Amino acid sequence: MDAAKAVLPAKELAVEMDASSEEEYATQSKLLREFTSISSIDKAWTFKSNRGMASQAIFSISQPNLLANKRRKYILSATISKENCSSVNFQWAAFPIEMTGVSTIVPSPSGSKLLIIRNPENESPTRFEIWFQGQVEKEFHVPQSVHGSVYVDGWFEGISWNSDETLIAYVAEEPSSSKPVFSSMGYQKNGVSEDKECNNWKGQGEWEEEWGETYAGKRQSALFVISTRSGEVQPVKGVTKSLSTGQVVWAPSNEGSYQYLVVVGWSSNPRKLGIKYCYNRACALYAVEAPVYRSEANVFELKDNPVEYSSVFKLTQSMSSAFFPMFSPDGRFLVFMSAKSSVDSGAHLATDSLHRIDWPVNGELNFHTKIVDVIPVVQCAEDGYFPGLYCSRFLSNPWLSDGCTMVLSSVWGSSQVLLSVNVLSGDVNRISPFHSKFSWNLLFVDGDNIIAVSSSPVDVPGIRYGFLVKETTEKSLWSWSDVSSPIFKCSEKVRSLLSSHQFDILKIPVKDVSCSLNKGASKPFEAILVSSNSKNGASSPLIVMLHGGPHDVSLSSFSKNLAFLFSLGYTLLIVNYRGSLGFGEEALQSLPGKVGSQDVNDVLTAIDHVIDMGLIFPSSISVLGGSHGGFLTTHLIGQAPDKFAAAAAKNPVCNFASMVNTTDIPDWCFVENYGIEGKNKYTEAPSINDLTLFYSKSPISHISKVKTPTIFLIGAKDLRVPMSDGLQYARALKEKGVDVKILIFPDDVHAITRPRSDFESFLNIGVWFKKYSK
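Reference entry: report on the structure contained in this document. (Residues numbered from 1 in each chain as written. Predicted model: local features only at pLDDT ≥ 70, side-chain atom pairs only at ≥ 80, totals over all residues. Heavy atoms only, no water.)

The peptide bond linking Asn269 to Pro270 adopts the cis configuration, its omega dihedral lying at 0°. For the bond from Gly549 to Pro550, the omega torsion is 10°, close enough to zero to count as cis. Turning to its location among the elements, Pro550 is positioned in the loop between β36 (542-546) and α7 (560-567). Phi at Gln133 is positive, roughly 50°, even though this residue is not glycine. Mapped onto the fold, Gln133 is located in the loop between β8 (126-132) and β9 (135-142). Phi is positive for Tyr277, which is not a glycine, with a value near 70°. As for its placement among the helices and strands, Tyr277 is situated in the loop between β18 (260-267) and β19 (283-289). (Helix = DSSP H or I, 4+ residues; strand = E, 2+ residues; numbered from the N terminus.)

Per the counting criterion, the structure on display carries zero disulfides. Free cysteine Cys391: the closest other cysteine sulfur is in Cys283, separated by 14 Å. Since its relative accessible area comes to 3%, Cys391 is described here as buried. (Disulfide = S-S within 2.5 Å. Buried < 20%, exposed > 50% of the residue type's maximum accessible area, 1.4 Å probe, protein only.)

Take the nonpolar core next. One finds Leu315 and Leu354 to be the most contacted residues of the largest nonpolar core, which totals 76 residues. Residues contacting Leu315, with those up to four places away along its chain left out, are Val262, Leu285, Tyr286, Ala287, Leu334, Ile357, Trp359, Leu365, Thr369 and Ile371. In this structure, Ala527, Cys654, Ile665 and Ala730 belong to the second largest nonpolar core, which totals 56 residues. (Core = buried A, V, L, I, M, F, W, Y, C linked by side-chain atoms within 4.5 Å. Contact = heavy atoms within 4.5 Å.)

This part is about the packing of aromatic side chains. Scanning the model with the defined rule gives 38 aromatic pairs in all. Pairing Phe59 with Trp92 gives two aromatic rings, centres 5.1 Å apart and planes at 40°, and the pair type is tilted. Of this pair, Phe59 sits in strand β2 (residues 55-65) while Trp92 sits in strand β4 (residues 87-92); the two residues are 33 residues apart in sequence, bridging distant segments of the chain. When sorted by exposure, Phe59 lands in the same class as Trp92, which is buried. Relative to Phe656, the ring of Phe631 has its centre 5.3 Å away and its plane inclined at 50°; by these criteria the two rings are tilted. Taken together, the residues Phe631 in helix α10 (residues 628-639) and Phe656 in helix α11 (residues 656-659) connect sequence positions 25 residues apart. When sorted by exposure, Phe631 lands in the same class as Phe656, which is buried. Following the ring pairs from residue to residue traces out a cluster consisting of Tyr151, Trp155, Phe156, Trp211, Tyr215, Trp266, Tyr279, Phe323, Phe324 and Phe394. (Phe/Tyr/Trp six-rings, centres within 6.5 Å; stacked < 30°, edge-to-face > 60°.)

Structure, rendered in structure tokens:
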């Protein structure tokens, strides 16, 4: 090699490696940056102001910071003035306030205080800050010897003020267990060595299992209570070690009775399986006696145990699943969600149900608590009717002024809608506009007013304010107005590109309906079509988008990454194949046992449908999916090898037979391959027959037919679909001479969402599709 070429500057090296693509990378990078910079609202709260009818709102906002490879978090406040029954005015603060290092924000019940939690880095303590009237009133540092990081992940997370704002209950990582100490003399009793520290070492001790994907390094969640006056922390005792606890709330206080906390508990027997995205983990509600703060002595004390031998009540004895506990404003009843359909069938997500427990007025609990079904599981809904409950969270205060009606966001077909639910009568009403194909996300409830965000694939999010106009015995009537906001600002270029596109939600008839299918599985599924307004748009190249799960859903909401792709000149077909959320339980349960066939055929049917209807005449077709969407992507290029010009797979499931031995959810492999019977067939030691079936239903069984150029995007720390699964398939394609590109992200897990990784992923997907989709 010529000495002058032996060492090249970075820029020259990049040009030599991919000279033909450098200009395309630069052009697409600028466009992607335009979309990436759009902010999003994570949470919001409202508080009654001292100024008459006005309310004060706080919005927690985030924005990708590519240079720091983190999400920049800040808060923006606004004063809400209701001018009349149909008009509202938002007065926004001049500037947002950046919340550097903040893990979470939790307002107090009165709205007069804010709890700010800053979780530790390395061995530093957790910081609790109480903000009050323009200053930090209190700051407490809790060392790691007391507990580790507070859980703020949205699942185990539970941070709850008591009614008089003197105590805060929360969930945090248990302090590390003691390790054996050794020296040159052998094991040291009591963990103490007579020699200097440099002459001994700590052993590993017994391995402790974790809850899988995104919970690496976290062994056990536990309950704690902190005094907002003294900063003293006490663990909540009585919960068995085999339970991981979360989602804690204070029960109503009753004078002279014991104070309880209501928590969700997940058993770790016989082992912990991955819990992220998996609602099929059995769980129950428990009432546990709380430490009581005695202000005059400035100490904690536990009152005598109300129940002999135990201070813990299992409130949901008869149910396999109970979570998201929430008390009514007057404390008369406790409502909660259940994923019993998911637990009982083994599907990782399914149709939810809503339940109520009437709380005893004297606070005295018993083991025979009656559970009232508020919203049952919907098996099959008629067209246009409520398809069932699919709710990913409750607000901290979702109640309207009547105290018995709560407002929820829930999936309805390919959209997310707003629902009002009367938890006494069970009446459910869709309160976001019924004919809107936009998706709606609830931010907060302000008396009988609602603040929400709505968006579509071609419309950036916007804040909407809802007024309760009329309450009838049959339904609620709501009026909605747009709110001007500085939060979702985007460039004129982005607005122009979005305005040149349109979207629709299409009904796709099931092909070859057999008599063995039940009614729900025979009904049409849906696909979202995003296309250009121009006449030439119908002949542009098509990208087929496939969600993971498989029991998840692609919503008709704004996605920066998808907007970037269709702005490059593509039509998008986003398929919600049977098995997706939002279409009733029968349709969802039709897929387990038929993966690799029914879902693949649904995607091919959707493609053929839009072409046969004359909606598009694509010059070429590409396919993109992650996780189970990657499973479908790699299946499609094997089962229909002449149909696709290019493919992109993010952390794809390619070989069940190898994945089952390395994933944090091996039971998923059994259920999706065998159907509901797989729940009982699941074993840590799959048989040769199991492995044979797994291989036959995997994309790798079709690899000999694949010729589609494919890019793979893989997170090296993925515990859900370990990187070996995608690499095995990608290497096998390379052996066949298929064009393959592999990007490994060393610090990413299953969802490749770190700002730089997300940016680089879609930039490379855009360039890859541009190269092959002519």
